[in-house]
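Residues per chain are reported as follows:
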Amino acid sequence: MRTTVGIIGGGPAGLLLARLLHRTGIDCVVLESRARAYVEQRQRAGMLEQGTVDALRECGAADRLDAEGLIHHGIELRFERERHRIDFPVLTGGRTVTIYAQTEIVKDLIALQLAEGPPLLFEAEALAVEKPESQAPVVRFVHEGREQMLSCDYVVGCDGSHGIAQGAFPAEVSCVYAHDYPYSWLGILADVPPSCEELIYARGPGGFALHSMRSPSVSRLYLQVPNGTDVKDWPDDRIWDELSARFAIDGDWRLERGPITSKSVTPMRSCVHEPMCHGRLFLAGDAAHIVPPTGAKGLNLAVSDVRVLARCFAEFHRTGSTQLLDHYSELCLERVWQATRFSYDMTRMLHTQPNGDVFDRRMQLARLRRITASRHAAAELAANYTGLPLAL
Ligand SMILES: Cc1cc2nc3c(=O)[nH]c(=O)nc-3n(C[C@H](O)[C@H](O)[C@H](O)COP(=O)(O)OP(=O)(O)OC[C@H]3O[C@@H](n4cnc5c(N)ncnc54)[C@H](O)[C@@H]3O)c2cc1C
């Protein structure tokens, strides 16, 4: 097989890149190791920055998003049994965010891709990227029980944080900056209407909790738990009791309970690979960087990477110049580091440190009080949360 751009991974980054390239007349092939049903059911993100919504519209994948997405104008911070609203349009000059599940984005993009091409192969696992420094890199992969070769002009690793594309970077050109957090998130999906109209970020007595939603009838909630937590130790009643305690305020508010349909534990990690390209191999999305989900940045960063990369490829296709492609890594990394910093700050401000002392807790409170008392500090949070501009 031969193509111009070989894309490894059919998550949001790989699928969106394929659509954006298709629209500029650049052919590509997407290799996805998992089955379609698995990819479409994998529960992950749900908060979209305006730029992410714009990118999905640009490639014709936003009909359902426009009909079903929930536009949010702010978030709530809860601590010390008080509630404080951060109003995004007022603080950012009109920006909002949209709630629409990553599973639905993936379904929309897969449906378009299968209807209009270019090729998307499921259960096609990439084994290695060979000769990334050459003019003709090759992806070796297994599909239908046979090992095959995909010859490309360029390869893009959109294969997530456990993918193989990173491994094709020689150790001497690659730097990995990583931080592991001493806690995880227990996430649930519940068939119950959300108890609030906007997301609630709570710093409660037992740690952090987040109330989010996927639709008017499905709630998504998270609890800070110790690393190594087993979901079996968290029966439904224990989860609801702990969530209720962490969201409790002085005043009238109640967390509605309902049947829990999914439970999972996610460790928290920050990691950035530099550079994001080597020769003719590029990394995008979680393959290049991961952030703890507190800032809701992972999916949005994946989308901003491929928007930049698609523009670099379009410029090359139009003019033959590789000037933008050569600067892909620098064009992305400033935004990546700012999102990494924001996610780190939000995480540290809202989670209980397992060995934290009273001083740590007072510092967290001082940060939260600063945000709720100062328009300048609140505007800084709102600007980062709703998304910083693209470099290109
Ligand atoms: C609990 C949770 C909540 C989150 N909440 C948010 C949020 O609110 N907002 C936000 O922006 N982000 C959030 N994120 C992060 C977001 O889900 C990820 O950043 C996003 O999925 C990244 O997309 P991606 O396409 O880069 O990678 P992935 O979604 O990981 O896709 C990579 C794809 O590559 C495939 N693959 C892997 N190896 C191979 C191989 N060898 N060959 C072929 N295919 C391969 C995988 O099967 C997968 O389909 C959350 C994450 C979690 C876990």
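Labelled according to an unreviewed UniProt entry, the protein chain appears under the name 4-hydroxybenzoate 3-monooxygenase, originating from Streptomyces albiflavescens.

Student: Just to check I follow, could you spell out the pairing of strand S10 (residues 138–143) for this structure?
Tutor: Residues in a regular strand project their side chains so that they alternate between the two faces of the sheet. Note: strand S9 (residues 124–130) against S10, six bridges, orientation antiparallel. When the bridges of S10 are listed, Ala124 appears paired with His143. Between S10 and strand S11 (residues 146–157), which pair antiparallel in sequence order, lie two residues; one of them, Glu144, sits at a positive phi of approximately 50°.

Student: What is the right way to read empty space enclosed by the protein from this model?
Tutor: One water molecule sets the probe size; rolling that probe over the atoms shows where empty space is left. In this structure the tally under the stated criterion is three cavities of 30 Å³ or more. Of the volumes computed, that of the largest cavity is approximately 60 Å³. Lining the largest cavity we find Glu49, Lys297, Leu301, Arg335, Gln338, Ala339, Asn384, Gly387 and Leu388. For the lining of the largest cavity, the element with the highest residue contribution is helix H10 (residues 328–350), accounting for three residues.

Student: Got a minute to help me understand the packing of aromatic side chains in this structure?
Tutor: What characterises a pair of aromatic rings is the spacing of the ring centres plus the angle enclosed by the ring planes. Taken as a whole and assessed by the stated rule, the structure comprises 15 aromatic pairs. Ring centres of Tyr181 and Tyr344 lie 6.1 Å apart, and the angle between their planes is 50°; this geometry places the pair in the tilted category. Of this pair, Tyr181 sits in strand S12 (residues 175–190) while Tyr344 sits in helix H10, and the two are 163 residues apart along the sequence. Ring geometry for Tyr201 and Tyr385: centres 6.0 Å apart, planes at 90°, overall edge-to-face. Placement of Tyr201 in strand S13 (residues 199–204) and of Tyr385 in helix H12 (residues 375–386) is noted, with a sequence separation of 184 residues between them. The class of Tyr385 is buried, set by a relative accessible area of 0%. One aromatic cluster in this structure is built from Phe88, Trp185, Tyr201, Phe208, Tyr222, Phe342 and Tyr385. Note that Arg238 overlies the ring of Trp234, its terminal NZ or CZ placed 3.7 Å from the centroid. The ring of Tyr154 has Arg280 sitting right over it, with the charged end atom 4.5 Å from the ring centre.

Student: Before we go on, may I ask you to explain helix H7 (residues 236–247) in this structure?
Tutor: In an α-helix, one full turn covers 3.6 residues, which means residues spaced three or four apart are oriented alike. The end-to-end C-alpha separation of H7 is 17 Å, in line with the 16 Å expected for twelve residues at 1.5 Å each. Here H7 has its buried residues at Ile239, Trp240, Leu243, Arg246 and Phe247. Down the axis, H7 shows its buried residues gathered within 130° of arc, on one side only. Elements in contact with the buried residues of H7: strand S5 (74–79), S12, S13, strand S14 (207–215), strand S15 (218–225) and strand S16 (260–274).

Student: Is there a simple way to explain the environment of Gly206 in this structure?
Tutor: Its place among the elements puts Gly206 in the loop between S13 and S14. As a C-alpha pair, Gly206 and Leu223 span 17 residues in sequence and 9.2 Å in three-dimensional space. Not counting the four nearest positions on each side in its chain, Gly206 is found in contact with Glu242, Arg246 and Thr352.

Student: Where do I start with the side chain of Thr96 in this structure?
Tutor: With respect to the helices, strands and loops of the structure, Thr96 is situated in the loop between helix H5 (88–92) and strand S7 (97–99). Apart from the residues within four sequence positions on either side, Thr96 is in contact with Gln50, Ile71, His72, His73, Pro89 and Thr386.

Student: I tried to follow the site of the ligand on my own but got confused; where do I start?
Tutor: Around the ligand, the surrounding shell holds 34 residues, and the nearest of these are Glu32, Arg42, Gln102, Asp286 and Leu299. Arg42 places a side-chain nitrogen or oxygen 2.6 Å from an oxygen atom of the ligand. The protein chains hide 90% of the 1000 Å² of surface that the ligand would expose on its own. For the shell around the ligand, the elements supplying multiple residues, two or more each, are helix H1 (12–23), S9 and helix H8 (298–319). Looking at the shell around the ligand, the element that brings in the most residues is H8, giving four residues. In the shell around the ligand, the residues fall into 15 nonpolar, eleven polar and eight charged.

Student: How should I be thinking about the nonpolar core in this particular structure?
Tutor: Counting 74 residues, the largest nonpolar core has Ile7, Leu16, Leu56, Val156, Phe282, Phe313 and Tyr328 as the members making the most contacts within it. At ten residues, the largest contribution of residues to this core is made by H8. By size, the runner-up hydrophobic cluster in this structure holds 53 residues, among which are Cys196, Trp240, Met268 and Tyr385.

Rules used throughout
Residues numbered from 1 in each chain as written. Predicted model: local features only at pLDDT ≥ 70, side-chain atom pairs only at ≥ 80, totals over all residues. Heavy atoms only, no water. Pairing = 2+ DSSP bridges. Helix = DSSP H or I, 4+ residues; strand = E, 2+ residues; numbered from the N terminus. 1 Å grid on protein atoms, 1.4 Å probe; cavity = no way out; pocket = protein on both sides within 12 Å on 5 of 7 lines; lining within 4 Å. Points joined across faces, edges and corners; volume = space filled by probe spheres on them. Phe/Tyr/Trp six-rings, centres within 6.5 Å; stacked < 30°, edge-to-face > 60°. Buried < 20%, exposed > 50% of the residue type's maximum accessible area, 1.4 Å probe, protein only. Lys NZ or Arg CZ within 6 Å of the ring centre and 35° of its normal. Expected span 1.5 Å × (residues − 1). Arc of directions from axis to C-beta. Contact = heavy atoms within 4.5 Å. Near = heavy atom within 4 Å. Polar contact = N/O pair within 3.5 Å; in protein donor to acceptor, adjacent residues only side chain to side chain. Areas by Shrake-Rupley, 256 points an atom, 1.4 Å probe, with all protein chains shown as cover. Nonpolar A, V, L, I, M, F, W, Y, C, P; charged D, E, K, R; others polar. Core = buried A, V, L, I, M, F, W, Y, C linked by side-chain atoms within 4.5 Å.

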